[in-house]
2 protein chains.
Amino acid sequence: MLQVQALFLYDLIVVRIAIDCMGGDHGLPVTVPAAVQIAQRYADVHLLLVGDEVQVEQALKQALVQASKQAKTVQRDQFTIVHASEVVTMEDSVEVALRHKKDSSMRVAARLVKDGQADACVSAGNTGALMAVSRFVLKTLPGIDRPAIATAIPNQLGKGTTMLDLGANVDCTAEHLQQFAIMGSALVQALEGVERPKVALLNIGEEAIKGNEVVKQAAELIRQTNLNFIGNVEGDDIFKGTAHVVVCDGFVGNVALKTAEGIAKMIGGMLKANFMSSFYSKLSALIAKPVLNKFRDQVDNRRYNGAALLGLRGIVFKSHGSADILAYAVAIERAREAVVSQLQEKTVAGIENIRKECNLNDASNARCEDN
Amino acid sequence: MLQVQALFLYDLIVVRIAIDCMGGDHGLPVTVPAAVQIAQRYADVHLLLVGDEVQVEQALKQALVQASKQAKTVQRDQFTIVHASEVVTMEDSVEVALRHKKDSSMRVAARLVKDGQADACVSAGNTGALMAVSRFVLKTLPGIDRPAIATAIPNQLGKGTTMLDLGANVDCTAEHLQQFAIMGSALVQALEGVERPKVALLNIGEEAIKGNEVVKQAAELIRQTNLNFIGNVEGDDIFKGTAHVVVCDGFVGNVALKTAEGIAKMIGGMLKANFMSSFYSKLSALIAKPVLNKFRDQVDNRRYNGAALLGLRGIVFKSHGSADILAYAVAIERAREAVVSQLQEKTVAGIENIRKECNLNDASNARCEDN
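Starting afresh in each chain, residues are numbered from 1 along the sequence in its written order. Chain letters start at A and ligand numbers start at 1, both assigned in the order the entries are written. The predicted nature of this model means local features are confined to residues of pLDDT at least 70 and side-chain atom pairs, given and counted, to a pLDDT of 80 or more, with totals for whole chains, interfaces and linings taken over all residues. Note: side-chain values were computed over all heavy atoms of the structure, leaving out hydrogens and water.

1. Details of the relation of the copies chain A and chain B
Here two copies of a chain appear, and what relates them is a rotation about an axis with a shift along it.
Then step 1. Mapping chain A onto chain B calls for a rotation angle of 180° and an axial translation of 0.0 Å; the resulting RMSD is 0.1 Å. The superposition of one copy onto the other is thereby described by a two-fold rotation axis.
Then step 2. It only takes one pair of heavy atoms within 4.5 Å for two residues to be counted as in contact. A high fraction, 100%, of the interface residues of chain A reappear at the interface in chain B, so the copies pair face to face through one surface. Superposing copies: least-squares fit, C-alpha atoms only, residues required to have pLDDT of at least 70 in both.

Have a look at this one:
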């Protein structure tokens, strides 16, 4: 009886993830082995591998052989190959991706989510194209004008600061930033179980008088919601963990993220160069190896791969274009977590709640009236 | 004869720097000892210490006693105290600084530059106030609408990437960004002796189609100058040293700078925590101490303190508000270098040159026509 019930539950919670196997800098040699790793790790996952079926089949066979060599059990029936005849390259414009590659692996993966055949999709394809295609195929949620890219950035508290937008929208209005605040809060509620996430606006000073006009107006609009808005934070607060959610436009967010990646890489390089500079320093590096390895793993940005495209009628995760197998697997894992923790349902409910609150409490809120 | 000539030259190159002794988080206990350090280091420097004369006199006496204890020779006649009855606090608004504190140490220091009594001034006071006061007292250079804050950020090449604006202007037009490009290029020419500095626009992708509207227009305008414009760079390029000068609006620049500071601090903290986590790791830290100390010094952001306020009719340097003695001395040192290398003259000439070029070569350049 117990066994029957367990089987029944297992049936219920299968997570179906569509993988754009062709996207990203590396494509198949990264995406398929990463999918196999996830299948090994989670028996509840079913992976829809989207791409040229001959090439995907071959890559899957190789990856399964590789996995069996390492004595890791993985079921072939955890995979379904879905054919797509085209590939959106990293250089393709949004225009090309949207109008001229209607059978791209990226688009087919998004369509599987749209048609209810997948619970989420993952792609390492170029950001602009993925955003445009996802938006076209899936459409935005009610009350959301523009989807945003969100990810958790590691902070000093050993947790993650969720930051959005990271590059989907370069010209934002105050209303867009308000929507990002709502979506970011819903994301943290869903994925981290924080009841009232602290939401902040990224600014160049904590005082309300600082910042550009859009940010000042956005602060006003966010104050009119029922979010736990703590006001402005500065760039270094992202790493202090001052807020659960840090909101900014996509231009600023993308620059901040890449700046952080750049300096982290430089510092890592400097540390290595110092330890390699003399016989004595090399010796001390050997002695300090366990400590240095642990540190390297902590700052390894592959462990933080995978950003959510929020505000769509379906779950889409974006992997870093240059992701390797380890990093790509992390992105798939995040997509799985999002499904398991019912991100979509909770985001919709969160947005609905706030819209209701606005309508009830503040008729002067133009944004709410518009909806 | 040789001695007479040397004395004569010495007379010629005395660098007079006005110090806002009251500004910053710490004020006198930091600014005055830092000034004394600089006087010790450079016999060619004369320091005008601006602030409450009783308090400054006392602080100077103490700092000189302290210096003599360390057997460092320093001449009292390298200092002149200039009284100012008011202080602009870190919380004061631009309005207060500008209209209600007309005898602030910040303003008196700027006035000394304006009146030709000082070759440069340095302040750790609040950025908005310093910018407004400097602009009011000194005025902007011909062809420059808005001054910008510029500093050299350490890069992988072991050099510095000059970045501007870092927070003076939160809402910029394409024309402002063009002016920043011109000023940044002139700064690098003057301070680093690079003949044709590579100038880039900070963007979220290298492709010309990426970025927001202002940045796209700015690229067009910069292309119309005779600058060595290499196009767009991304956040991580700051640290790769892809360009000598990276141009952005003050909002983006300030967020990028503080984000970089934030993650650098976090990484430093993580490294330390790892080395302090167990008996073995502490032992290995002891062995690796020379390497770790050298690394710590390299990433010590105090060594990079001091940003230039470019575009004014006089040299103004801004120190970090929280600077300690070491950091504040670095900012004074930078101001001295700027004077010695004739930053002001070269910047004026650089801007003039480009304006002439524009007028000669491209009558359709609206910006140039306006000037």
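2. Description of the pairing of strand β6 (residues 160–164) of chain B
On a regular strand, one side chain projects to one face of the sheet and the next to the other, so that they alternate.
All names here are of chain B.
Then step 1. Residue burial is assigned from relative accessible area. The probe radius is 1.4 Å, only protein chains are included, and a residue is buried under 20% of its type maximum, exposed over 50%, and partly exposed in between. The way it works is that DSSP assigns letters per residue, a run of H or I at least four long becomes a helix, a run of E at least two long becomes a strand, and they are numbered from the N terminus. Across the five residues of β6, five count as buried, placing the element largely inside the fold.
Then step 2. Where burial is concerned, the two faces of β6 agree: the one with Gly160, Thr162 and Leu164 and the one with Thr161 and Met163 are both buried.
Then step 3. Pairing analysis gives five bridges linking strand β5 (residues 148–154) to β6, with the strands arranged antiparallel. Bridge pairing links Ile153 to Thr161 in β6.
Then step 4. Between β5 and β6, which pair antiparallel in sequence order, lie five residues; one of them, Gly158, sits at a positive phi of approximately 80°.
Then step 5. Sheet analysis places β6 next to strand β9 (residues 245–247), joined by three bridges and oriented parallel. Its bridge partner being in β9, Leu164 is matched across the sheet by Val247. Between any two strands, at least two bridges found by DSSP are needed for them to pair.

3. Quick look at the interface of chain A and chain B
Then step 1. Counting residues at the interface gives 48 residues for chain A, matched by 48 residues for chain B.
Then step 2. Throughout this description, the term salt bridge denotes a Lys or Arg side-chain nitrogen within 4 Å of a carboxyl oxygen of Asp or Glu. Where Lys258 of chain B meets Glu234 of chain A, a salt bridge forms, and the shortest distance between an N and an O atom there is 2.2 Å.
Then step 3. Polar contacts here mean pairs of N or O atoms no more than 3.5 Å apart (in protein, one a potential hydrogen donor and the other a potential acceptor; neighbouring residues in sequence count only if both atoms are side-chain atoms). Our count for the contact surface shared by chain A and chain B stands at eight residue pairs in polar contact (both at pLDDT 80 or more).
Then step 4. Looking at the side of chain A that touches chain B, the elements that each hand over two or more residues are α8 (213–223), α9 (237–240), α10 (250–275), α11 (279–287) and α12 (289–299) of chain A.
Then step 5. When residues in the side of chain A that touches chain B are grouped by element, the largest group, 18 residues, is from α10 of chain A.
Then step 6. Here the residues of the side of chain A that touches chain B are counted per class, giving 27 nonpolar, 15 polar and six charged. Three residue categories are used. Nonpolar comprises Ala, Val, Leu, Ile, Met, Phe, Trp, Tyr, Cys and Pro, charged comprises Asp, Glu, Lys and Arg, and polar comprises the others, including Gly.

4. Remarks on the pattern of salt bridges
Then step 1. Under the criterion given, the structure shown has 26 salt bridges over all chains.
Then step 2. For the salt bridge of Arg76 of chain B with Glu57 of chain B, the shortest nitrogen-to-oxygen distance reads 3.4 Å. One end of the pair, Arg76 of chain B, is in the loop between α3 (53–69) and β3 (79–83); the other, Glu57 of chain B, is in helix α3, and 19 residues separate them in sequence.
Then step 3. Given a relative accessible area of 27%, Glu57 of chain B falls into the partly exposed group.
Then step 4. Sharing partners across several salt bridges, the network here consists of Asp300, Arg302 and Asp324 of chain A.

5. Thoughts on the confidence of the model for chain A
Should pLDDT be low for a region, the predicted coordinates there are not to be read in detail.
Residue and element names in this part refer to chain A.
Then step 1. Every residue carries a pLDDT, the predictor's confidence in it, which falls somewhere between 0 and 100. Predicted confidence across chain A gives a mean pLDDT of 87, with 92% of residues reaching 70 or more.
Then step 2. Counting contacts from residues 360–371, a segment whose pLDDT is below 50, to residues more than four positions away or on other chains yields 19 contacts.
Then step 3. The ipTM assigned to the predicted complex is 0.82, against a pTM of 0.85.

6. Here's the deal with the sheet that holds β6 of chain B
Residues and elements named next belong to chain B.
Then step 1. What the eleven strands build is an open sheet, ordered β3-β2-β1-β4-β11-β10-β5-β6-β9-β7-β8; its pairing is mixed. Every other strand in the sheet has two partners, leaving β3 and β8 (228–233) as the edge strands with one partner each. Strand-to-strand twist across the sheet, computed as the mean angle between neighbouring axes with direction ignored, equals 25°.
Then step 2. Pairing geometry for strand β1 (residues 15–20) and strand β2 (residues 45–51), over six bridges, is parallel. When the bridges of β2 are listed, Asp20 appears paired with Val50.
Then step 3. Fitted lines through C-alpha atoms give the axes, limited to the stretch in contact for helices. The angle between two N-to-C directions lies from 0 to 180 degrees. Across the sheet, helix α5 (residues 105–114) lies against β1, β2, β3, β4 (120–123) and β11 (315–318), angled at about 145° from β2, the strand it touches most.
Then step 4. Across the sheet, helix α6 (residues 127–138) is in contact with β4, β5, β10 (307–310) and β11; its angle to β11 comes to roughly 175°.

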